[in-house]
Amino acid sequence: MTSESQTAARSGAAPAAPRGLSSHPSPPQHVAIIMDGNGRWAAHRGLPRVEGHRRGLEAVRRAVRSAIDLGIRYLTIYSFSSENWRRPPAEVADLMGLLKLFVRRDLAELHGNNVRIRIIGERDGLSPDIAGVLREAEEKTEANTGLTLVVAFNYGGRQEILRAVRQLAEAVADGRMRPDQLDAQAVTGALDTSGIPDPDLVIRTSGEQRLSNFLTWQTAYSEYVIVPEFWPDFDHRAFAAAIDEYHRRDRRFGGLSDKAG
Ligand code: IPE
Ligand code: IPE
Ligand code: MG
């Protein structure tokens, strides 16, 4: 991170001239990343999958620095899906170990850079040590005002919607809410992402063209940029290029283009 961006990160302000964005004064407010391709990165090198996940963690560190440098306010990273429990137990254990390592090694630096951490996903049923590190990361950085790093862990978009709807149904059943008060705003507010703006841009690495149960409700009008790099190879240049691609898009939200004359 540059010293200028470190100062900006601490003060909570966006850097004056984000690298790679000189002609685009306003970066997307919220970028969400489906960090895919760790296993293939390793397989291409004849290495075990865990090595890809280790290198993937380094790419996470880089992406956080890039997000701060690029002036992004919210960065969401998909780190473990509700469906990833289907993987072999040894790989699941490796992924859990890397999450703990990330918090143990990086929390102090993230906190020092004024990063606020939010965790989204199902907490019930997680082992106490994992639940503990997630809570520690959130609590320690709660008052920070710089980049919000949203970590989607044990996360599934459909499961999140179901939890929200169940909570709202209980409020209706208890008489705290009338059925006609159940609107899109109520659902949005009952999701794990309550208070976080919808992603402007979703980046998926490794070329796969699917959402894999990521932010199902929140991405209704997000822009998608699919990049060919495997996640461990995703660097600042690739991040800045994805943002440049985003700036070439014409977001219409069902209306007519602002760009057309
Ligand atoms: C992303 O890489 C990490 C997680 C899903 C946890 P993968 O492990 O999915 O790598 P590929 O897609 O098998 O290459
Ligand atoms: C999505 O990647 C989940 C994460 C990046 C954590 P997957 O590798 O699990 O997705 P699929 O199985 O290819 O759809
Ligand atoms: Mg994958």
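Residues numbered from 1 in each chain as written. Chains lettered and ligands numbered in written order. Predicted model: local features only at pLDDT ≥ 70, side-chain atom pairs only at ≥ 80, totals over all residues. Heavy atoms only, no water.

1. Focus: the pairing of strand β3 (residues 116-120)
Put simply, the rule is: Each residue gets one of three labels from its accessible area relative to the maximum for its type: buried under 20%, exposed over 50%, partly exposed in between, using a 1.4 Å probe on protein chains only. Numbering of helices and strands runs from the N terminus; a helix is a DSSP stretch of H or I covering at least four residues, while a strand is a stretch of E covering at least two. Each pair of strands is called paired provided DSSP finds at least two bridges between the two strands. When the strands point away from the viewer and the path from the first strand over the helix to the second turns clockwise, the crossover is right-handed.
Where burial is concerned, most of β3 is hidden: four out of the five residues are buried. With five bridges joining them, β3 and strand β4 (residues 148-155) adopt parallel strand pairing. Counted as the bridge partner of I117 is L149 from β4. The parallel pair β3 and β4 is bridged by helix α5 (residues 128-141), and the resulting crossover is left-handed.

2. Overview of the site of ligand 2
The condition that has to hold: Nearness here has a simple test: a residue counts as near a molecule or strand if at least one of its heavy atoms is within 4 Å of that partner. Between N or O atoms, a polar contact is any pair within 3.5 Å; within protein, one atom must be a potential hydrogen donor and the other a potential acceptor, and residues adjacent in sequence are included only when both atoms are from side chains. Per-residue accessibility takes into account occlusion by the displayed protein chains alone, with areas from the Shrake-Rupley method and a 1.4 Å probe. Only protein atoms enter the 1 Å grid, on which a cavity is a set of points fitting a 1.4 Å probe that cannot get out and a pocket is an open set with protein on both sides within 12 Å along at least 5 of 7 lines, lining residues being those with an atom within 4 Å of a point. Cavities and pockets are treated as containing a molecule whenever more than half of the molecule's atoms lie within 2 Å of their grid points. Residues are grouped as follows: Ala, Val, Leu, Ile, Met, Phe, Trp, Tyr, Cys and Pro are nonpolar; Asp, Glu, Lys and Arg are charged; all remaining types, including Gly, are polar.
Taken together, I34, M35, D36, Y78, S79, F80, N84, R87, R204, R210 and S212 make up the full set of residues near ligand 2. At a separation of 3.2 Å, an oxygen atom of ligand 2 approaches a polar side-chain atom of D36. Between ligand 2 and R204, the relevant distance is 3.4 Å, taken from an oxygen atom to a side-chain nitrogen or oxygen of the residue. Protein contacts shield 77% of the accessible area of ligand 2, which totals 390 Å² for the unbound molecule. Because more than half of its atoms lie within 2 Å of the grid, ligand 2 is assigned to the largest pocket. The element contributing the most residues to the shell around ligand 2 is strand β2 (residues 74-81), with three residues. Looking at the shell around ligand 2 residue by residue, the classes come out as four nonpolar, three polar and four charged.

3. What to know about the environment of R62
Tracing the chain through its elements places R62 in helix α3 (residues 49-69). Along the primary structure R62 and P232 are separated by 170 residues, whereas in three dimensions their C-alpha atoms are 9.9 Å apart. There is a polar contact of 2.8 Å between the side chain of R62 and the backbone oxygen of F234.

4. A word on the confidence of the model for the protein
This is how it is decided: One confidence number per residue, pLDDT, is output by the predictor and ranges from 0 to 100.
With 90% of its residues at a pLDDT of 70 or more, the protein has an overall mean of 92. Confidence, expressed as mean pLDDT per element, reaches its minimum in the protein at helix α1 (residues 3-11) with 41 and its maximum at strand β1 (residues 30-34) with 99.

5. Some remarks on α3
This is how the line gets drawn: The span you would expect from a helix comes to 1.5 Å times its residue count less one.
Taking 1.5 Å per residue as the helical rise, α3 with its 21 residues ought to reach 30 Å, and the 30 Å between its terminal C-alpha atoms agrees with that figure. Just beyond α3, the residue with positive phi is G71, at close to 80°.

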